[in-house]
Amino acid sequence: MHSFGYRANALLTFAVTILAFICAIASFSDNFSNQTPSAQIQILNINWFQKQPHGNDEVSLTLNITADLQSLFTWNTKQVFAFVAAEYKTSQNSLNQVSLWDAIIGEKEHAKFWIQISNKYRFIDQGHNLRGKDFNLTLHWHVMPKTGKMFADKIVMSGYRLPDAYR
């Protein structure tokens with residue numbers, strides 16, 4: 001006869017194996033969800049565009065962010081981390097990203113929103129590269145599931161340009 005320890009070990013191993021199998025199926029089922037998020041970002045105002053005392057350019061923007069991220073939520077979604085970044089090129093770097101706003105969305109009901117804000121984080125370039133610069137505003141999101149692999153995606157909105165002179 002097997003002792004109590006052997007039986008408990010066999011039962012625990014079987015339960016963990018079944019739990020891992022259920023988690024794998026749950027994670028795999030997210031591949032079949034139809035995800036069609038949408039977003040639109042408008043720059044309502046350039047509050048200021050200045051050169052800081054130590055030579056860096058700084059911009060303050062008022063943004064109108066409209067997004068519908070509800071399709072990212074499935075029964076396996078714990079939360080979605082979303083952020084808006086300004087992306088541009090300089091002679092030193094092929095890609096510069098500056099985060100302007102972010103949010104953690106914990107429920108599907110809060111994933112469809114419209115907000116009007118000034119950038120939450122400072123839009124600063126190390127140097128004086130922003131005058132007359134074309135840039136993109138990109139809405140990035142990271143879906144954090146209850147089980148399985150986290151995934152990320154983005155929507156790029158182009159056609160924005162900063163003024164040629166400081167204000």
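Residues numbered from 1 in each chain as written. Predicted model: local features only at pLDDT ≥ 70, side-chain atom pairs only at ≥ 80, totals over all residues. Heavy atoms only, no water.

Caption draft 1: Spotlight on the overall build of the protein chain. The secondary structure content of the protein chain amounts to one helix and eight strands. Mapped in sequence order, the helices and strands of the protein chain form the string α-β-β-β-β-β-β-β-β. The C-alpha radius of gyration of the protein chain comes to 23 Å, more than 25% above the 15 Å expected for a compact globule of 167 residues. Expressed as lengths along the three principal axes of its C-alpha atoms, the size of the protein chain is roughly 85 × 30 × 20 Å. Total accessible area on the protein chain is roughly 10,300 Å²; 56% of this is exposed by carbon and sulfur atoms. Averaging the positions of the 15 positive and the 12 negative side-chain charges in the protein chain gives two centres separated by 4 Å. (Helix = DSSP H or I, 4+ residues; strand = E, 2+ residues; numbered from the N terminus. Rg over C-alpha atoms; globule rule 2.2 N^0.38 Å. Areas by Shrake-Rupley, 256 points an atom, 1.4 Å probe, with all protein chains shown as cover. Lys, Arg positive; Asp, Glu negative; His and termini not counted. Charge placed at Lys NZ, Arg CZ, Asp CG, Glu CD.)

Caption draft 2: Layout of the packing of aromatic side chains. Counting across every chain of the model gives six aromatic pairs. Between the aromatic rings of Tyr 88 and Phe 123, the centroid separation amounts to 6.2 Å while the plane-to-plane angle is 45°, which identifies the pairing as tilted. Of this pair, Tyr 88 sits in strand β3 (residues 77–88) while Phe 123 sits in strand β6 (residues 123–125); the two residues are 35 residues apart in sequence, bridging distant segments of the chain. The pair Tyr 88 / Phe 123 is uniform in exposure class, with both members buried. Through pairs of rings, three or more aromatic residues link up here, namely Tyr 88, Phe 123, Phe 135 and Tyr 160. (Phe/Tyr/Trp six-rings, centres within 6.5 Å; stacked < 30°, edge-to-face > 60°. Buried < 20%, exposed > 50% of the residue type's maximum accessible area, 1.4 Å probe, protein only.)

Caption draft 3: Structural view of the sheet that holds strand β7 (residues 134–145). With antiparallel pairing, the four strands of this open sheet are ordered in space as β4-β3-β7-β8. Taken across any chain shown, the strands that pair with only one partner, and hence form the sheet edges, are β4 (96–105) and β8 (151–161). Between one strand axis and the next, the sheet turns through 20° on average, direction left out of account. Across 10 bridges, β3 lies against β7 in antiparallel orientation. (Pairing = 2+ DSSP bridges. Axes fitted to C-alpha atoms, helices over the stretch in contact; angles between N-to-C directions.)

Caption draft 4: Structural context of the nonpolar core. Counting 33 residues, the largest nonpolar core has Leu 69, Phe 123, Leu 137 and Leu 139 as the members making the most contacts within it. Broken down by secondary-structure element, the contributors of at least two residues to this core are β1 (38–51), β2 (57–68), β3, β4, β7 and β8. Leaving out residues up to four positions away in the same chain, Leu 69 has contacts with Pro 37, Ala 82, Ile 105, Ala 111, Phe 113, Leu 139 and Trp 141. (Core = buried A, V, L, I, M, F, W, Y, C linked by side-chain atoms within 4.5 Å. Contact = heavy atoms within 4.5 Å.)

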